[in-house]
Amino acid sequence: MTAVAERRAPTRLVDHFEYGLDAPICLTWELTYACNLACVHCLSSSGRRDPRELSTDECKALIDEFERMQIFYVNIGGGEPTVRPDFWELLDYAVEHHVGVKFSTNGFRITKERAERLAATDYVDVQVSLDGATPEVNDPIRGAGTYDAAIRAMDNLRDAGMKDFKLSVVCTRENISQLDEFKKIADDHGAQLRLTRLRPAGRGADVWQDLHPLPHQQRELYDWLVANGEKVLTGDSFFHLSAFGDALPGLNLCGAGRVVCLVDPVGDVYACPFAIHENFLAGSIRDEGFQHVWREAELFKSLREPQTGGACSSCSAYDSCRGGCMAAKFFTGMPLDGPDPECVKGNAEFVTVGDRPAPSQDHSHKGTVRNAPVPVKIGRRPPTTMCDESPVNPGDFVVG
Ligand code: SF4
Ligand code: SF4
(Lines give C-alpha, C1' and ligand atoms only; values in the text may rest on other atoms or scores of the structure.)
(Ligands and ions follow the chains in the order given, each with its own letter.)
Protein backbone atom coordinates (compact mmCIF):
# COMPACT_ATOMS: atom_id res chain seq x y z
CA MET A 1 0.00 0.00 0.00
CA THR A 2 1.45 3.39 -0.89
CA ALA A 3 0.88 6.93 0.27
CA VAL A 4 -1.64 8.84 -1.86
CA ALA A 5 0.65 11.82 -2.26
CA GLU A 6 3.76 10.08 -3.51
CA ARG A 7 5.34 13.39 -4.49
CA ARG A 8 6.09 13.99 -0.83
CA ALA A 9 8.09 10.76 -0.59
CA PRO A 10 7.74 10.30 3.16
CA THR A 11 10.26 7.95 4.72
CA ARG A 12 8.82 7.25 8.19
CA LEU A 13 5.76 5.02 8.65
CA VAL A 14 3.95 7.73 10.60
CA ASP A 15 4.47 10.12 7.66
CA HIS A 16 2.87 7.61 5.31
CA PHE A 17 -0.10 7.58 7.65
CA GLU A 18 -0.15 11.36 7.95
CA TYR A 19 -0.27 11.87 4.17
CA GLY A 20 -2.89 9.16 3.73
CA LEU A 21 -2.75 5.71 2.15
CA ASP A 22 -4.31 4.59 -1.11
CA ALA A 23 -6.70 2.45 0.94
CA PRO A 24 -7.76 2.87 4.57
CA ILE A 25 -6.29 0.51 7.15
CA CYS A 26 -9.10 1.12 9.59
CA LEU A 27 -12.38 1.11 7.73
CA THR A 28 -15.57 0.96 9.74
CA TRP A 29 -18.75 0.00 7.93
CA GLU A 30 -21.94 0.56 9.83
CA LEU A 31 -24.33 -1.84 8.17
CA THR A 32 -27.50 -0.55 9.76
CA TYR A 33 -28.81 2.07 12.17
CA ALA A 34 -31.29 -0.50 13.46
CA CYS A 35 -30.64 -1.74 16.97
CA ASN A 36 -32.55 -3.73 19.57
CA LEU A 37 -31.01 -1.54 22.28
CA ALA A 38 -30.80 2.19 23.05
CA CYS A 39 -27.41 2.69 24.77
CA VAL A 40 -27.18 6.17 26.23
CA HIS A 41 -23.79 6.92 24.63
CA CYS A 42 -24.40 5.44 21.13
CA LEU A 43 -22.02 7.30 18.83
CA SER A 44 -24.30 6.88 15.80
CA SER A 45 -27.61 7.62 17.62
CA SER A 46 -28.84 4.24 16.40
CA GLY A 47 -32.20 2.59 16.94
CA ARG A 48 -34.36 2.77 13.81
CA ARG A 49 -33.40 1.36 10.44
CA ASP A 50 -32.86 3.98 7.73
CA PRO A 51 -35.22 3.14 4.83
CA ARG A 52 -32.48 4.12 2.36
CA GLU A 53 -30.14 1.43 3.76
CA LEU A 54 -27.88 -0.26 1.17
CA SER A 55 -29.49 -3.35 -0.36
CA THR A 56 -27.86 -6.78 -0.22
CA ASP A 57 -26.63 -6.36 -3.81
CA GLU A 58 -25.19 -2.93 -3.07
CA CYS A 59 -23.40 -4.34 -0.01
CA LYS A 60 -21.93 -7.16 -2.10
CA ALA A 61 -20.78 -4.68 -4.77
CA LEU A 62 -19.06 -2.67 -2.04
CA ILE A 63 -17.32 -5.80 -0.75
CA ASP A 64 -16.16 -6.47 -4.34
CA GLU A 65 -14.69 -2.98 -4.40
CA PHE A 66 -12.91 -3.56 -1.08
CA GLU A 67 -11.43 -6.73 -2.55
CA ARG A 68 -10.20 -4.85 -5.65
CA MET A 69 -8.63 -2.20 -3.39
CA GLN A 70 -6.99 -4.93 -1.30
CA ILE A 71 -8.70 -3.83 1.88
CA PHE A 72 -7.96 -6.92 3.88
CA TYR A 73 -10.46 -6.42 6.65
CA VAL A 74 -13.30 -4.17 7.74
CA ASN A 75 -14.82 -3.37 11.12
CA ILE A 76 -18.53 -3.88 10.85
CA GLY A 77 -20.79 -2.13 13.31
CA GLY A 78 -24.07 -0.31 13.52
CA GLY A 79 -26.56 -0.20 15.10
CA GLU A 80 -26.53 -3.89 15.80
CA PRO A 81 -25.34 -5.48 12.54
CA THR A 82 -26.83 -8.90 13.32
CA VAL A 83 -30.38 -7.52 13.11
CA ARG A 84 -29.97 -7.22 9.33
CA PRO A 85 -31.60 -10.35 7.91
CA ASP A 86 -28.77 -10.68 5.36
CA PHE A 87 -25.97 -10.16 7.91
CA TRP A 88 -24.73 -13.76 7.91
CA GLU A 89 -24.94 -13.92 4.12
CA LEU A 90 -22.84 -10.75 3.82
CA LEU A 91 -20.34 -12.07 6.35
CA ASP A 92 -19.84 -15.23 4.28
CA TYR A 93 -19.64 -13.20 1.07
CA ALA A 94 -16.91 -10.95 2.51
CA VAL A 95 -14.81 -13.88 3.69
CA GLU A 96 -15.20 -15.65 0.34
CA HIS A 97 -13.93 -12.46 -1.31
CA HIS A 98 -10.85 -12.17 0.90
CA VAL A 99 -12.18 -9.34 3.06
CA GLY A 100 -11.85 -10.30 6.72
CA VAL A 101 -14.53 -9.06 9.09
CA LYS A 102 -14.43 -7.92 12.68
CA PHE A 103 -17.96 -7.16 13.79
CA SER A 104 -19.25 -5.48 16.93
CA THR A 105 -22.27 -6.83 18.71
CA ASN A 106 -24.23 -6.44 21.92
CA GLY A 107 -24.28 -10.25 22.05
CA PHE A 108 -28.03 -10.85 22.12
CA ARG A 109 -27.92 -12.93 18.92
CA ILE A 110 -24.68 -14.81 19.55
CA THR A 111 -26.31 -18.13 20.36
CA LYS A 112 -24.38 -21.37 20.87
CA GLU A 113 -25.06 -22.33 17.23
CA ARG A 114 -23.90 -18.95 15.90
CA ALA A 115 -20.82 -19.07 18.11
CA GLU A 116 -19.90 -22.49 16.73
CA ARG A 117 -20.32 -21.26 13.19
CA LEU A 118 -18.19 -18.18 13.91
CA ALA A 119 -15.47 -20.23 15.58
CA ALA A 120 -15.30 -22.42 12.46
CA THR A 121 -14.93 -19.45 10.06
CA ASP A 122 -11.50 -18.04 9.26
CA TYR A 123 -10.98 -14.29 8.96
CA VAL A 124 -13.87 -13.42 11.26
CA ASP A 125 -13.46 -11.75 14.61
CA VAL A 126 -16.16 -10.73 17.08
CA GLN A 127 -16.21 -7.78 19.42
CA VAL A 128 -18.68 -7.98 22.29
CA SER A 129 -19.60 -4.66 23.91
CA LEU A 130 -19.77 -4.31 27.67
CA ASP A 131 -19.47 -1.04 29.57
CA GLY A 132 -19.46 -2.25 33.14
CA ALA A 133 -17.76 -5.21 34.80
CA THR A 134 -20.94 -5.61 36.85
CA PRO A 135 -24.62 -5.28 35.85
CA GLU A 136 -24.93 -2.34 38.25
CA VAL A 137 -22.45 -0.33 36.19
CA ASN A 138 -23.20 -1.73 32.74
CA ASP A 139 -26.99 -1.83 32.55
CA PRO A 140 -27.68 1.86 33.28
CA ILE A 141 -25.54 2.64 30.21
CA ARG A 142 -26.45 -0.17 27.81
CA GLY A 143 -29.85 -1.33 29.04
CA ALA A 144 -31.56 -3.81 31.32
CA GLY A 145 -30.28 -7.36 30.82
CA THR A 146 -27.40 -6.33 28.57
CA TYR A 147 -24.70 -7.44 31.01
CA ASP A 148 -26.11 -10.95 31.11
CA ALA A 149 -26.52 -11.03 27.33
CA ALA A 150 -22.90 -9.99 26.72
CA ILE A 151 -21.52 -12.51 29.22
CA ARG A 152 -23.71 -15.26 27.72
CA ALA A 153 -22.39 -14.42 24.24
CA MET A 154 -18.81 -14.57 25.51
CA ASP A 155 -19.49 -17.87 27.26
CA ASN A 156 -20.85 -19.24 23.98
CA LEU A 157 -17.85 -18.00 22.00
CA ARG A 158 -15.39 -19.45 24.52
CA ASP A 159 -17.23 -22.78 24.67
CA ALA A 160 -17.25 -22.93 20.86
CA GLY A 161 -13.46 -22.57 20.86
CA MET A 162 -13.28 -19.02 19.50
CA LYS A 163 -9.90 -17.56 20.49
CA ASP A 164 -8.90 -13.96 21.01
CA PHE A 165 -12.25 -12.42 20.25
CA LYS A 166 -12.60 -8.96 21.73
CA LEU A 167 -14.29 -7.59 24.81
CA SER A 168 -14.90 -3.95 23.93
CA VAL A 169 -15.32 -1.36 26.67
CA VAL A 170 -16.04 2.36 26.38
CA CYS A 171 -14.20 3.98 29.29
CA THR A 172 -16.45 6.15 31.44
CA ARG A 173 -16.46 7.82 34.80
CA GLU A 174 -18.44 4.85 36.09
CA ASN A 175 -16.09 2.07 35.02
CA ILE A 176 -12.50 3.36 35.21
CA SER A 177 -12.22 1.72 38.63
CA GLN A 178 -13.11 -1.64 37.03
CA LEU A 179 -10.23 -1.96 34.57
CA ASP A 180 -8.71 -4.96 36.38
CA GLU A 181 -12.13 -6.63 36.49
CA PHE A 182 -12.64 -6.14 32.75
CA LYS A 183 -9.23 -7.68 32.13
CA LYS A 184 -10.18 -10.67 34.26
CA ILE A 185 -13.47 -11.16 32.38
CA ALA A 186 -11.56 -11.06 29.10
CA ASP A 187 -8.87 -13.45 30.35
CA ASP A 188 -11.46 -15.87 31.74
CA HIS A 189 -13.03 -16.08 28.28
CA GLY A 190 -9.80 -16.34 26.27
CA ALA A 191 -10.66 -12.91 24.87
CA GLN A 192 -8.65 -9.75 24.39
CA LEU A 193 -9.63 -6.51 26.12
CA ARG A 194 -10.20 -3.49 23.92
CA LEU A 195 -10.64 -0.10 25.56
CA THR A 196 -12.04 2.87 23.70
CA ARG A 197 -12.60 6.47 24.55
CA LEU A 198 -16.04 7.93 25.17
CA ARG A 199 -16.51 10.55 22.46
CA PRO A 200 -19.19 13.23 22.56
CA ALA A 201 -20.67 11.96 19.27
CA GLY A 202 -24.28 10.93 18.63
CA ARG A 203 -26.14 10.33 21.90
CA GLY A 204 -22.69 10.37 23.53
CA ALA A 205 -22.87 14.16 23.28
CA ASP A 206 -25.87 14.18 25.61
CA VAL A 207 -24.14 12.22 28.36
CA TRP A 208 -20.52 13.19 27.80
CA GLN A 209 -20.51 15.83 30.49
CA ASP A 210 -21.70 13.28 33.06
CA LEU A 211 -19.78 10.24 31.87
CA HIS A 212 -16.40 11.27 30.53
CA PRO A 213 -13.61 10.35 32.97
CA LEU A 214 -12.60 12.98 35.51
CA PRO A 215 -9.05 14.36 35.44
CA HIS A 216 -7.77 12.03 38.17
CA GLN A 217 -9.38 9.10 36.33
CA GLN A 218 -7.55 10.07 33.13
CA ARG A 219 -4.34 9.69 35.10
CA GLU A 220 -5.52 6.38 36.55
CA LEU A 221 -6.31 5.15 33.05
CA TYR A 222 -2.94 6.27 31.70
CA ASP A 223 -1.06 4.52 34.51
CA TRP A 224 -3.11 1.37 33.98
CA LEU A 225 -2.40 1.43 30.25
CA VAL A 226 1.32 1.91 30.86
CA ALA A 227 1.25 -1.16 33.12
CA ASN A 228 -1.03 -3.30 30.92
CA GLY A 229 -0.96 -1.69 27.48
CA GLU A 230 0.90 -4.45 25.68
CA LYS A 231 -2.00 -6.83 26.30
CA VAL A 232 -4.81 -4.36 25.71
CA LEU A 233 -6.02 -2.91 22.40
CA THR A 234 -6.77 0.80 22.28
CA GLY A 235 -6.54 1.87 18.61
CA ASP A 236 -6.18 5.64 18.51
CA SER A 237 -8.34 6.19 21.57
CA PHE A 238 -5.92 7.54 24.11
CA PHE A 239 -3.04 9.27 22.40
CA HIS A 240 -4.11 12.50 24.11
CA LEU A 241 -3.11 10.80 27.40
CA SER A 242 0.48 10.43 26.14
CA ALA A 243 0.94 14.02 27.29
CA PHE A 244 1.27 12.57 30.81
CA GLY A 245 4.65 11.04 29.90
CA ASP A 246 5.73 8.23 27.62
CA ALA A 247 3.72 7.67 24.46
CA LEU A 248 1.22 4.83 24.72
CA PRO A 249 1.21 1.98 22.20
CA GLY A 250 -1.14 2.58 19.26
CA LEU A 251 -1.66 5.16 16.57
CA ASN A 252 -0.38 8.48 17.87
CA LEU A 253 -2.22 10.74 15.54
CA CYS A 254 -5.72 11.42 14.35
CA GLY A 255 -6.12 9.10 11.38
CA ALA A 256 -9.37 10.66 10.14
CA GLY A 257 -9.40 10.63 6.34
CA ARG A 258 -5.78 9.47 6.30
CA VAL A 259 -6.02 5.86 7.41
CA VAL A 260 -9.47 5.87 9.02
CA CYS A 261 -12.95 6.34 7.58
CA LEU A 262 -16.56 5.28 7.97
CA VAL A 263 -19.11 4.00 5.47
CA ASP A 264 -22.57 4.50 6.95
CA PRO A 265 -25.67 2.36 6.30
CA VAL A 266 -26.81 4.47 3.33
CA GLY A 267 -23.35 4.49 1.72
CA ASP A 268 -22.18 7.90 2.86
CA VAL A 269 -18.46 8.10 3.62
CA TYR A 270 -17.28 10.09 6.64
CA ALA A 271 -13.77 10.89 7.83
CA CYS A 272 -14.15 8.89 11.03
CA PRO A 273 -16.76 6.75 12.82
CA PHE A 274 -17.02 9.40 15.52
CA ALA A 275 -17.61 12.23 13.06
CA ILE A 276 -21.02 11.49 11.58
CA HIS A 277 -21.81 15.07 10.69
CA GLU A 278 -22.19 16.87 7.37
CA ASN A 279 -18.92 18.74 8.01
CA PHE A 280 -17.03 15.44 7.75
CA LEU A 281 -19.02 13.90 4.90
CA ALA A 282 -16.65 13.14 2.03
CA GLY A 283 -19.06 11.63 -0.50
CA SER A 284 -21.31 8.69 -1.27
CA ILE A 285 -20.43 5.27 -2.59
CA ARG A 286 -23.76 5.38 -4.47
CA ASP A 287 -22.66 8.44 -6.46
CA GLU A 288 -18.95 7.85 -6.92
CA GLY A 289 -17.89 4.44 -5.64
CA PHE A 290 -15.79 4.04 -2.51
CA GLN A 291 -12.36 4.17 -4.15
CA HIS A 292 -13.09 7.49 -5.82
CA VAL A 293 -14.32 9.04 -2.57
CA TRP A 294 -11.32 7.75 -0.62
CA ARG A 295 -8.76 8.97 -3.13
CA GLU A 296 -10.34 12.13 -4.55
CA ALA A 297 -12.65 13.71 -1.95
CA GLU A 298 -11.62 17.30 -1.25
CA LEU A 299 -12.26 16.77 2.47
CA PHE A 300 -9.85 13.85 2.61
CA LYS A 301 -7.23 15.72 0.58
CA SER A 302 -7.40 18.60 3.05
CA LEU A 303 -7.12 16.26 6.07
CA ARG A 304 -3.98 14.77 4.49
CA GLU A 305 -2.29 18.14 4.23
CA PRO A 306 0.22 18.98 6.97
CA GLN A 307 -1.78 20.32 9.91
CA THR A 308 -0.68 23.20 12.07
CA GLY A 309 -0.70 22.66 15.81
CA GLY A 310 -2.52 25.94 16.39
CA ALA A 311 -2.76 26.72 20.07
CA CYS A 312 -1.09 23.38 20.87
CA SER A 313 2.07 23.91 18.83
CA SER A 314 3.98 25.41 21.75
CA CYS A 315 3.04 22.54 24.07
CA SER A 316 5.91 20.28 25.13
CA ALA A 317 3.66 17.24 24.59
CA TYR A 318 2.56 18.14 21.08
CA ASP A 319 4.61 15.44 19.31
CA SER A 320 2.77 12.67 21.15
CA CYS A 321 -0.62 14.28 21.80
CA ARG A 322 -1.04 16.26 18.56
CA GLY A 323 -3.86 18.24 20.09
CA GLY A 324 -6.01 15.15 20.60
CA CYS A 325 -9.18 14.03 18.86
CA MET A 326 -10.81 16.08 16.11
CA ALA A 327 -14.25 14.62 16.80
CA ALA A 328 -14.05 15.31 20.54
CA LYS A 329 -13.18 18.92 19.83
CA PHE A 330 -15.84 19.39 17.16
CA PHE A 331 -18.75 17.95 19.12
CA THR A 332 -17.89 19.94 22.23
CA GLY A 333 -17.82 23.19 20.23
CA MET A 334 -14.06 23.64 20.59
CA PRO A 335 -11.79 24.90 17.77
CA LEU A 336 -10.23 22.08 15.75
CA ASP A 337 -6.76 23.62 15.96
CA GLY A 338 -6.88 23.94 19.75
CA PRO A 339 -6.47 21.50 22.62
CA ASP A 340 -8.56 18.42 23.20
CA PRO A 341 -11.48 18.95 25.66
CA GLU A 342 -9.75 16.41 27.94
CA CYS A 343 -6.27 18.00 27.55
CA VAL A 344 -4.31 16.55 30.45
CA LYS A 345 -2.29 19.76 30.80
CA GLY A 346 -5.49 21.65 31.60
CA ASN A 347 -5.18 23.89 28.55
CA ALA A 348 -8.77 23.35 27.39
CA GLU A 349 -9.72 25.55 30.31
CA PHE A 350 -8.47 28.62 28.44
CA VAL A 351 -10.36 27.97 25.22
CA THR A 352 -13.49 29.83 24.24
CA VAL A 353 -16.13 27.19 23.60
CA GLY A 354 -18.60 27.79 20.79
CA ASP A 355 -22.05 26.34 20.32
CA ARG A 356 -22.25 22.57 20.28
CA PRO A 357 -22.99 21.54 16.67
CA ALA A 358 -26.49 20.21 16.12
CA PRO A 359 -26.48 16.54 15.06
CA SER A 360 -26.96 15.95 11.33
CA GLN A 361 -29.10 12.89 11.93
CA ASP A 362 -30.74 10.89 14.68
CA HIS A 363 -32.08 7.35 14.34
CA SER A 364 -32.91 6.92 18.03
CA HIS A 365 -35.99 4.87 18.90
CA LYS A 366 -39.08 6.99 19.31
CA GLY A 367 -41.05 4.54 21.43
CA THR A 368 -40.36 2.15 24.27
CA VAL A 369 -37.45 -0.28 23.97
CA ARG A 370 -37.60 -3.61 25.76
CA ASN A 371 -34.00 -3.44 27.00
CA ALA A 372 -33.91 0.30 27.60
CA PRO A 373 -31.15 1.68 29.82
CA VAL A 374 -32.10 2.14 33.45
CA PRO A 375 -30.62 5.53 34.25
CA VAL A 376 -30.38 5.02 37.98
CA LYS A 377 -26.97 6.65 38.25
CA ILE A 378 -26.69 8.88 35.24
CA GLY A 379 -27.72 12.42 35.87
CA ARG A 380 -26.28 15.71 36.83
CA ARG A 381 -24.45 15.46 40.12
CA PRO A 382 -22.61 18.24 41.89
CA PRO A 383 -18.84 18.00 41.27
CA THR A 384 -16.76 17.02 44.29
CA THR A 385 -14.48 19.94 43.49
CA MET A 386 -14.58 22.57 40.77
CA CYS A 387 -11.47 20.94 39.29
CA ASP A 388 -13.54 17.83 38.64
CA GLU A 389 -15.72 19.70 36.18
CA SER A 390 -14.86 19.68 32.50
CA PRO A 391 -13.32 22.92 31.28
CA VAL A 392 -15.96 22.84 28.59
CA ASN A 393 -18.88 25.00 29.61
CA PRO A 394 -21.28 22.65 31.42
CA GLY A 395 -24.12 24.92 30.47
CA ASP A 396 -23.69 23.81 26.87
CA PHE A 397 -24.81 20.30 27.72
CA VAL A 398 -28.27 18.97 28.23
CA VAL A 399 -28.64 15.50 29.62
CA GLY A 400 -31.18 13.60 27.58
S1 SF4 B 1 -11.36 12.30 14.98
FE2 SF4 B 1 -10.79 11.31 16.92
S3 SF4 B 1 -11.74 9.28 16.79
FE4 SF4 B 1 -11.69 10.11 14.70
S5 SF4 B 1 -9.78 9.37 13.82
FE6 SF4 B 1 -9.35 11.37 14.73
S7 SF4 B 1 -8.59 10.92 16.80
FE8 SF4 B 1 -9.65 9.08 16.04
S1 SF4 C 1 -2.07 21.57 24.96
FE2 SF4 C 1 -2.67 20.39 23.13
S3 SF4 C 1 -0.84 19.14 22.66
FE4 SF4 C 1 -0.60 19.88 24.78
S5 SF4 C 1 -1.44 18.25 26.07
FE6 SF4 C 1 -3.10 19.71 25.67
S7 SF4 C 1 -4.20 18.93 23.88
FE8 SF4 C 1 -2.21 17.91 23.97
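To be clear, the structure that these remarks concern was listed above.
Predicted model only: the values in this text are computed from it and were never measured. Each residue is numbered by its place in its chain's sequence as written, counting from 1. Written order determines the labels here, with chains lettered from A and ligands numbered from 1. Owing to the predicted nature of the model, reporting of local features is limited to residues with pLDDT of at least 70; listing and counting of side-chain atom pairs is limited to 80 or more, with chain, interface and lining totals taken over all residues. The basis for the side-chain values is all heavy atoms of the structure; hydrogens and waters are excluded.

## Some remarks on the overall build of the protein
- The secondary structure listing takes helices from DSSP runs of H or I that are at least 4 residues long and strands from runs of E that are at least 2 residues long, numbered from the N terminus. When helices and strands are counted, the protein shows 14 helices and nine strands.
- Each of the 400 residues in the protein was classed as buried or not, and the buried ones make up 58%.
- Shrake-Rupley sampling with a 1.4 Å probe provides the accessible areas, and residues are treated as covered by the protein chains on show and by no other component. Carbon and sulfur atoms provide 51% of the accessible area of the protein, an area that totals close to 17000 Å². We call a residue buried when its accessible area falls under 20% of the maximum for its residue type, exposed when it is over 50%, and partly exposed in between, using a 1.4 Å probe and counting protein chains only.

## What about the sheet that holds strand S5 (residues 166-171)?
- What the nine strands build is an open sheet, ordered S6-S5-S4-S3-S2-S1-S7-S8-S9; its pairing is mixed. Whereas interior strands pair on both sides, the edge strands pair on one side only; in this sheet they are strand S6 (192-197) and strand S9 (281-284). Across the sheet, the mean angle separating the axes of adjacent strands is 25° when strand polarity is ignored.
- When strand S4 (residues 124-129) meets S5, the two strands line up parallel, connected through three bridges. At least two DSSP bridges between two strands are required for those strands to pair. In this analysis an axis means a line fitted to C-alpha atoms, helices contributing only their contacting stretch, and an angle means the value between N-to-C directions, from 0 to 180 degrees.

## Details of the pairing of strand S2 (residues 73-77)
- A large share of S2 lies buried, amounting to four of its five residues.
- Summarising the sheet, strand S1 (residues 26-30) and S2 pair through three bridges and their orientation is parallel. Considered in S2, the bridge of Thr28 is made with Asn75.
- Here the term right-handed applies to a crossover when the path leading from its first strand over the helix to its second strand runs clockwise, the strands being oriented away from the viewer. Regarding the hand of the β-α-β motif, the stretch spanning S1, helix H2 (residues 56-68) and S2 is right-handed.
- In this sheet, strand S3 (residues 100-105) lies alongside S2 in parallel orientation, the contact comprising four bridges. Opposite Ile76, over in S3, you have Phe103 as the bridge partner.
- A crossover connection joins S2 to the parallel S3 through helix H3 (residues 87-96); in handedness this β-α-β unit is right-handed.

## Description of the site of ligand 2
- To be near a molecule or strand, a residue needs just one of its heavy atoms within 4 Å of it. Around ligand 2 sit Ala243, Cys312, Cys315, Tyr318, Cys321, Gly323, Pro339, Asp340, Cys343, Lys345 and Asn347, and that is every residue in its neighbourhood.
- Taken together, the residues of the shell around ligand 2 break down into seven nonpolar, two polar and two charged. Under the convention adopted here, Pro, Cys and the residues Ala, Val, Leu, Ile, Met, Phe, Trp and Tyr are nonpolar, Asp, Glu, Lys and Arg are charged, and Gly plus all remaining residues are polar.

## Here we look at the pattern of salt bridges
- Basic side-chain nitrogens of Lys or Arg form a salt bridge, by our definition, when they fall within 4 Å of a carboxyl oxygen of Asp or Glu. Summed over all chains, the structure comprises 19 salt bridges.
- Note that Arg52 is salt-bridged to Asp50, the shortest N-O span being 2.9 Å.
- Judged by its relative accessible area of 4%, Asp50 is buried.
- Asp159 is the salt-bridge partner of Arg158, the closest N and O atoms lying 3.2 Å from each other.
- Relative accessible area serves as the criterion here: at 54%, Asp159 is assigned to the exposed category.
- Beyond isolated ion pairs, a larger network of salt bridges with shared partners links Arg49, Glu53, Arg84 and Asp86.

## Concerning the site of ligand 1
- All residues adjacent to ligand 1 are Arg199, Asp236, Phe239, Cys254, Gly255, Ala256, Cys272, Phe274, Cys325, Met326 and Ala327.
- When grouped by side-chain class, the residues that make up the shell around ligand 1 number eight nonpolar, one polar and two charged.

## A short note on helix H5 (residues 135-142)
- Burial analysis of H5 places six of its eight residues in the buried class, the great majority of the element.
- Listing the buried residues of H5 in full gives Val137, Asn138, Asp139, Pro140, Ile141 and Arg142.
- Tucked inside the fold, the buried residues of H5 contact S4, helix H6 (146-159) and helix H8 (204-211).
- Two residues or fewer past H5, Gly143 is found with a positive phi of approximately 125°. It only takes one pair of heavy atoms within 4.5 Å for two residues to be counted as in contact.

## Some words on the packing of aromatic side chains
- Note on aromatic contacts: the rings of Phe and Tyr and the six-membered ring of Trp form a pair at centre separations within 6.5 Å, being stacked when their planes are under 30 degrees apart, edge-to-face when over 60 apart, and tilted otherwise. The tally for this structure, following the rule as stated, stands at ten aromatic pairs.
- When the ring of Tyr222 is compared with that of Phe244, the centres are 5.4 Å apart and the planes differ by 45°; the resulting orientation is tilted. Residue Tyr222 is found in helix H9 (residues 215-228), and its partner Phe244 is found in the loop between H9 and strand S7 (260-263); the two are separated by 22 residues along the sequence.
- For Tyr222, a relative accessible area of 4% puts it in the buried group.
- Of the residues examined, Phe244 reaches a relative accessible area of 23% and is grouped as partly exposed.
- Among the aromatic side chains, those forming a connected cluster through ring pairs are Trp29, Phe66, Phe290, Trp294 and Phe300.
- Remark: a charge is flagged as sitting over a ring if the NZ atom of Lys or the CZ atom of Arg is within 6 Å of the ring centre and within 35 degrees of the ring normal. Above the face of the Trp294 ring, Arg304 is positioned so that its terminal group lies 4.5 Å from the ring centre.

## Overview of the nonpolar core
- The biggest cluster of nonpolar side chains holds 86 residues, and the ones touching the most others in it are Trp29, Phe103, Leu118, Leu195, Phe290 and Phe300.
- Here this core takes seven residues from H3, the largest share from any one element.
- Those residues within four positions of Phe290 in sequence are excluded, and the remaining contacts are Pro24, Leu27, Leu62, Glu65, Phe66, Met69, Ile71, Cys261, Val263, Val269 and Ile285.
- Definition of nonpolar core: a set of buried residues of the types Ala, Val, Leu, Ile, Met, Phe, Trp, Tyr and Cys, connected through side-chain atoms within 4.5 Å. Counting seven residues, the second largest nonpolar core, distinct from the first, contains Val40, Ile141, Leu198 and Leu211.

## Points about the side chain of Thr32
- Along the chain, the position of Thr32 falls in the loop between S1 and H2.
- Of the residues examined, Thr32 reaches a relative accessible area of 1% and is grouped as buried.
- Apart from residues no more than four positions distant in its own chain, Thr32 is found in contact with Ser46, Arg49, Glu53, Gly77, Gly78, Gly79, Glu80, Pro81, Val83, Arg84 and Pro265.

## Re the environment of Asp139
- Mapped onto the fold, Asp139 is located in helix H5.
- Separated by 232 residues in sequence, Asp139 and Asn371 place their C-alpha atoms 9.1 Å apart.

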